[in-house]
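Residue-level listing of the chains:
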Amino acid sequence: MYTLPKIERFNQEVLSKYQIYNSIFLTLPFDAIDNTGVLLPLFAEVCEKGFKKLETPIQIVNFFVSRYLDHADERECIDLLFRFIQFIERQIVLFDAIEDAAFPIVNNLEGRGSLRDIKEKAEAKGKVDELKHFLENFKVRPVLTAHPTQFYPGAVLGIITDLTNAIREDDLVKIKILLSQLGKTPFIKRQKPTPFDEAVSLIWYLENVFYDTSGAMISYLQKNIFKGNDIYNPIFNLGFWPGGDRDGNPFVSTEITLKVADRLRTSILKCYYRDLRNLKRKLTFAIVDDLIAELEAKIYRSVFYSKGEIYISLEEFKTKLNHIKATVIAQHQSLYLDDLNTLIHKVQLFGFHFASLDIRQNSQIHDLVFKNIATQLPDYREQYDESQKLQWLSNLNGKLSPAEFTETMTHATLASIYGMKTIQTNNGELGCNRYIISNCESARQVMETFAMIRCCDWENPQVDIIPLFEIITDLNQAPLIMEALYANPSYKNHLRNRGNQQTVMLGFSDGTKDGGYLMANWSIYKAKEAITEVSRRHGIKVIFFDGRGGPPARGGGKTHQFYASLGSAIENHEIQITVQGQTISSNFGTLDSCRYNLENLLSAGARNQVFAEPANDLSVEQKAILEELAVLGYQKYTDFKNHPKFIPYLEQMSTLHYYAKTNIGSRPSKRGQSETLNFADLRAIPFVGSWSQLKQNVPGFFGVGTALKYFENTNQWTKVQALYDTSLFFRTLLENSMMSLAKSFFPLTAYMKDDAEFGAFWQIIYEEFLQTKTYLLKIAGHQELMENYPDGKASIAVREGIVKPLLTIQQYALSRINELKKADKHDDALIKTYQKLVTRSLFGNTNASRNSA
């Protein structure tokens, strides 16, 4: 029997089941919302027809009220809209659960990009030894971040998990009960979470998904590619930001950092204890049973009877597991060897730290802190020039105490360094050995951080100092900055102690916010090439750490294809990537999706190194075309960003200010404290998210159409067409932009074109959207957006259909707020009610998009 095409599998396993289960959900009786399920489909139909007739959200809602509600006043109408939001939020949960349940059926887990695929490809091409060498050296590092773009509280996440399992088993009775539970479970977090709360939420994914998936994948590789021989390379290692990321978050303290590190250690020990309990039931043989019981007892005491004390070292744990393994092989015919090997692999991957807790702080904070401590350091001179200051910083060390400083940020920054030392003592070096400097602008800022660490009684720190380059000017300067660092004898000696390895982080989110889609992606590509050249010349192995978000505008989308497209001029020892919010739950939320996406990332590295395609290396001519496209796009985006209505449009016509009112994260929505909106201080998540709520997705496409049109107008279209046809990097870049367009819906905001203040500005956005769509379809040879990803396109269509009524409500509420504010007499109570309606509408749309921010 032939396997059905992917789109047919999607229609059978996702679309059909959603229609069935949604019909059940809409008929369930809930307190106070008994008629909502009947009215919502009618409202959805009115929205659909209204937008086709180019009606405004106010006209659509007013028509629905006049037709289906009996003499309802404005308060009753608002109450119904709130209830609609409640229903739509739960419809999205239902669709999420159905997609998760169908994931292994819709997606071929043994197909292209899987471990099995690269194994069979290596065997067919006689490259098994090359594949082994690759696997002995390559690493994949997903870093779970503290950036919240996920609105589901823990109780709802639990229902999604149970509902997914029930749908997979076609247990209709259980599905109905869970849908009823879903209807009565609050979606709103009553209080803003603390950084520790955020950490606990993400540790759930470590314990329940990454732990088992990573271990199983290493076991597969050992058994099927290494033929039972051990793999000593920890291919998968996890990073963790909640509790360590201080950039713009005043609520992250050293106490929180230490508390999170303790929780990570306790969590991994609990996972080991659970596995040892299972092994104890199987390894019931002489000698082995006593050894397992001894390990179980020591881990148990370390977890449940310890106040920070560990009753077994990591080395002892590894040694005894390997002794048990040798005994099982020698005396017990290798019974349950696979189970034992899997635990050994997990210990190899996760140690006693589970995930490495990164410390991050903004360079501007470091500048202030260092000014405060500089006067207490030897030989300080204010008159130093840049070169002299680098020389002075190179020789600094000492024993500064946080207690010596009363200024809050100085005390906290120094305390965080001492906290890193404590974590390394408790969890091992991998527990916390990276310090990231965001918005890094100079070699001096890196050397100041290095000096600060050494002045905290840590002359030879076991810490990797990672500059994060984000805006376009910093990306352009990055190679020169790294050159200066490599040329510094003191820093070069530090790198020698760290294995001649330097990690460099590159930020897609702020890069796109600063320079637009094309320029940001091309600047990062160029920076990687130039930094690679500098690093190779100095004998340094550079590792790139990509700060990516969910949507294409923040480096998301078909991420694995970007890594597969890197040429030989970009170092590719590891794939390090931030994963956040919705992307954690959608790409790594289940065992199947986690396995699928980890394998795709690993295979992307293999495609680049083992099965390298010469076409991935861009020629001089291709780079010149990309440079010209990026400059054209940058000019268009910069003009747009400098438009006098740019900031007012976001403030008055979008949901930008409402992000701060949602209790989804501990971090403020902007870095600065000023009341007025400073674009530079604005966080990328609310910036990109606000465009997503408008269904305009500007950061994911603006300037692309203008750049492509120039090549057509100058009779050079064949150049960009050839580039698209031959370059996986460029093709992936444009395909991700198509995703941004596919998630746009301009009829929602078409009423703005008649607005006296913002009509012309809205028209600028719309014209660039149409232009970009025209040229992307032309270059791809498609009739419709995402034509080559029919299942992805279908999923987006369903999700966008579910949230269309919700978005209508959001725009209706925003319009009413603007009307009420312009009225002679303000009704403040009514304005606050509509503001609450806008805030509530953020939740469902964000969750539905899965990568909207």
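Further up the page is the structure itself.
Values in this document were obtained by computation on a predicted structure and should not be read as measured data.

Asks: With reference to specific residues and values, describe the overall build of the chain.
Replies: For the chain, the helix and strand inventory stands at 33 helices and nine strands. What you see for the chain is a C-alpha radius of gyration of 28 Å, in line with the 29 Å of a compact globule of 853 residues. In terms of overall dimensions, the chain has C-alpha extents of about 80 × 70 × 60 Å along its principal axes. Counting only residues that meet the buried cut, the chain has 61% of its 853 residues in that class. A separation of at least 24 residues holds for 81% of the contacts in the chain among residues at least 6 apart in sequence. A total of about 33600 Å² of accessible surface is found on the chain, and carbon and sulfur atoms cover 51% of it. One way to put it: in the chain the 96 positive side-chain charges average out to a point 2 Å from where the 97 negative ones average out.

Asks: Requested: an account of the packing of aromatic side chains, with residues and values cited.
Replies: For the structure on display, the rule yields 48 aromatic pairs. Taking the centre distance of 6.5 Å and the plane angle of 80° together, the rings of phenylalanine 646 and phenylalanine 761 count as edge-to-face. Taken as a pair, phenylalanine 646 in helix 26 (residues 646-653) and phenylalanine 761 in helix 31 (residues 759-780) lie far apart in primary sequence, 115 residues in all. With respect to burial, phenylalanine 646 and phenylalanine 761 carry one shared label: buried. A cation over an aromatic ring shows up here: arginine 434 above the ring of phenylalanine 545, its NZ or CZ 4.8 Å from the ring centre.

Asks: Explain a nonpolar patch on the surface to me, and be specific about the residues and the numbers.
Replies: A cluster of nonpolar side chains, namely Tyr300, Phe304 and Tyr305, defines an oily patch on the protein surface of about 340 Å² accessible area. The exposed category is assigned to tyrosine 305, whose relative accessible area is 58%.

Asks: Describe the pairing of strand 1 (residues 139-144), listing the residues and the values that go with them.
Replies: The buried fraction of strand 1 amounts to six of the six residues, a majority that puts the element mostly inside the structure. When strand 1 meets strand 9 (residues 574-579), the two strands line up parallel, connected through six bridges. Across the sheet, residue leucine 144 finds its bridge partner in strand 9, namely valine 579. Relative to strand 2 (residues 239-240), strand 1 runs parallel, the two sharing two bridges. Bridge pairing in strand 2 links valine 143 to glycine 239.

Asks: Would you mind going over the pattern of salt bridges in detail, with residue names and values included?
Replies: Taken as a whole and assessed by the stated rule, the structure comprises 52 salt bridges. Salt-bridge contacts for glutamate 784 lead to lysine 793; the nearest nitrogen and oxygen are separated by 2.1 Å. When salt bridges that share partners are traced, they join Asp367, Glu386, Lys389, Arg444 and Glu448 into one network.

Asks: I'd love a proper account of the sheet that holds strand 7 (residues 501-507), names of residues and values included.
Replies: Judged by pairing direction, the sheet is parallel, and its nine strands sit side by side in the order 3-2-1-9-8-7-6-5-4 without closing on themselves. Looking at the sheet topology across the chains shown, the edges are occupied by strand 3 (356-357) and strand 4 (359-362). In this structure, strand 4 lies alongside strand 5 (residues 434-438), joined through four bridges in parallel fashion. Bridge pairing links arginine 360 to isoleucine 436 in strand 5. Against the sheet, helix 14 (residues 363-374) makes contact with strand 4 and strand 5, and its axis sits at roughly 80° relative to strand 4, the strand it touches most. Contacts from helix 20 (residues 508-515) reach strand 7 and strand 8 (541-547) within the one sheet, and its direction differs from that of strand 7 by about 45°.

Asks: How would you sum up the environment of arginine 731? Please name residues and give values.
Replies: As for its placement among the helices and strands, arginine 731 is situated in helix 30 (residues 728-742). Remark: the alpha-carbon pair of arginine 731 and alanine 780, spanning 49 residues in sequence, is separated by 8.6 Å. Among all residues touching arginine 731, those that are not within four sequence positions of it are Tyr724, Asp725 and Thr726.

Asks: Summarise unusual backbone geometry; cite the residues concerned and give the values.
Replies: Backbone geometry at lysine 227 places phi at a positive 50°, although glycine is not the residue there. Here lysine 227 lies in the loop between helix 9 (195-224) and strand 2. The phi dihedral of asparagine 715 falls on the positive side, at around 60°, and the residue is not glycine. In this structure, asparagine 715 sits in the loop between helix 28 (704-713) and helix 29 (717-726).

Asks: How would you sum up the packing of helix 10 (residues 254-282) against helix 11 (residues 288-304)? Please name residues and give values.
Replies: Viewed as axis vectors pointing N to C, helix 10 and helix 11 meet at an angle of 150°, and their least axial separation amounts to 9 Å. As judged from the angle between their axes, helix 10 and helix 11 are roughly antiparallel. Note that helix 10 runs across helix 11; the crossing there is left-handed. Judged by residue contacts, Thr266, Leu269, Lys270, Tyr273, Leu276, Arg277, Leu279 and Lys280 of helix 10 engage Ile292, Ala293, Leu295, Glu296, Ile299, Tyr300, Ser302, Val303 and Phe304 from helix 11.

Asks: Explain helix 15 (residues 386-394) to me, using residue names and the numbers behind them.
Replies: Those residues of helix 15 that sit buried are Lys389, Leu390, Trp392, Leu393 and Ser394. The inward-facing, buried residues of helix 15 contact helix 14, helix 17 (443-454) and helix 19 (489-497). The backbone nitrogen of serine 387 has a side-chain oxygen 3.2 Å away, supplied by the residue at the start of helix 15, namely aspartate 385.

Asks: Tell me about the environment of glutamate 13, and please be specific about residues and values.
Replies: With respect to the secondary-structure elements, glutamate 13 resides in helix 1 (residues 6-26). Between the C-alpha atoms of glutamate 13 and phenylalanine 103, which are 90 residues apart in sequence, the distance is 9.0 Å. At a separation of 3.4 Å, a polar atom in the side chain of glutamate 13 contacts the side chain of lysine 17.

Asks: Give me the lowdown on the nonpolar core, citing residues and values where you can.
Replies: One finds Phe240 and Trp691 to be the most contacted residues of the largest nonpolar core, which totals 189 residues. Here this core gets 12 residues from one element, more than from any other, and that element is helix 9. Beyond its immediate sequence surroundings of up to four residues, tryptophan 691 is in contact with Phe640, Phe646, Tyr649, Leu650, Gln696, Asn697, Val698, Pro699, Phe761 and Ile765. One finds Leu28, Ile175, Leu178 and Leu182 within the second-largest nonpolar core, a separate group that totals 73 residues.

Asks: Now, about the state of the cysteines: what can you tell me, with residues and values included?
Replies: Inspection of every chain in the model, using the stated rule, returns zero disulfides. Lacking any disulfide linkage, cysteine 77 is separated from the closest cysteine sulfur, that of cysteine 47, by 12 Å. The structure places no disulfide on cysteine 456, whose sulfur is separated from the nearest cysteine sulfur, that of cysteine 455, by 7.1 Å.

Asks: Can you tell me about helix 12 (residues 314-331), naming the residues and giving the values?
Replies: One turn of the α-helix equals 3.6 residues, which is why residues spaced by three or four share an orientation. Here helix 12 spans 26 Å end to end across 18 residues, near enough to the 26 Å set by a 1.5 Å rise per residue. Considered for burial, the residues of helix 12 that qualify are Phe317, Leu321, Ile324, Lys325, Thr327 and Val328. Angular distribution of buried residues about the axis of helix 12 spans 165°; they occupy a single face of the element. Residues of helix 12 that are exposed and angled more than 90 degrees away from the buried face: Glu315, Thr319 and Ala330. As for helix 12, its buried residues are in contact with helix 9, helix 10, helix 11 and helix 13 (337-350). Of the residues trailing helix 12, glutamine 333 is marked for its positive phi of about 50°.

Asks: Let's hear about the environment of glutamine 693: which residues, and what values?
Replies: In this structure, glutamine 693 sits in helix 27 (residues 684-693). For the pair glutamine 693 and threonine 846, spaced 153 residues apart in the sequence, the C-alpha separation amounts to 7.7 Å. For glutamine 693, the residues in contact, after removing those within four places along its chain, are Thr655, Tyr659, Leu748, Leu807, Gln810, Ser841, Leu842, Asn845 and Thr846. A distance of 2.7 Å separates polar atoms of two side chains, one belonging to glutamine 693 and the other to glutamine 810.

What counts as what
Sequence order as written defines residue numbering, which begins from 1 separately in each chain. Where totals are concerned, whole chains, interfaces and linings use all residues; where local detail is concerned, this predicted model gives features only for residues with pLDDT of at least 70, and gives and counts side-chain atom pairs only at 80 or more. Computation of side-chain values covers all heavy atoms of the structure but excludes hydrogens and water. In this description a helix means any DSSP run of H or I spanning at least four residues, a strand means any run of E spanning at least two, and both kinds are numbered starting from the N terminus. Put simply, the radius of gyration uses C-alpha atoms, and a globule should come to 2.2 Å times the residue count raised to 0.38. Per-residue accessibility, obtained with a 1.4 Å probe over protein chains only, is compared with the maximum for each type, and a residue is labelled buried under 20%, exposed over 50%, and partly exposed between these values. In what follows, residue pairs with any heavy atoms lying within 4.5 Å of each other are defined as contacts. Residue burial considers only the protein chains on display, and all accessible areas are found by Shrake-Rupley using a 1.4 Å probe. We count Lys and Arg on the positive side and Asp and Glu on the negative side, and we leave His and both chain ends out. Here the site of a charge means atom NZ of a Lys, CZ of an Arg, CG of an Asp or CD of a Glu. Classification of ring pairs rests on two measures: the distance between centres of Phe, Tyr or Trp rings, Trp counted by its six-membered ring, which must be within 6.5 Å, and the angle between planes, read as stacked under 30 degrees, edge-to-face over 60 and tilted in between. By definition here, charges over rings are those cases where NZ of Lys or CZ of Arg is within 6 Å of the ring centre and within 35 degrees of the ring normal. Residues form patches when they are more than 30% accessible in relative terms and have no salt bridge. Like charges link within 9 Å. Nonpolar side chains (Val, Leu, Ile, Met, Phe, Trp, Tyr) link within 5 Å. Within this document, salt bridges are pairs made up of a side-chain nitrogen of Lys or Arg and a carboxyl oxygen of Asp or Glu, the two lying within 4 Å of each other. A strand pair is defined by DSSP finding two or more bridges across the two strands. Angles here are taken between N-to-C directions and fall from 0 to 180 degrees, while the axes themselves are lines fitted to C-alpha atoms, restricted in helices to the stretch in contact. For this classification, under 35 degrees means roughly parallel, over 145 means roughly antiparallel, 65 to 115 means roughly perpendicular, and everything else is oblique. Left-handed is the label given to a crossing in which the near helix is rotated counterclockwise from the far helix by less than a right angle, and right-handed is the label when the rotation is clockwise. N or O atoms within 3.5 Å of each other form a polar contact, as long as, within protein, one can give a hydrogen and the other can take it, and as long as residues adjacent in sequence are counted only when both atoms are side-chain atoms. We define the nonpolar core as a collection of buried residues of types Ala, Val, Leu, Ile, Met, Phe, Trp, Tyr and Cys that are connected through side-chain atoms lying within 4.5 Å of one another. When two cysteine sulfur atoms are found within 2.5 Å, that pair is recorded as a disulfide. Each residue after the first adds 1.5 Å to the expected span of a helix. What the arc measures is the spread of directions leading from the helix axis to the C-beta atoms.

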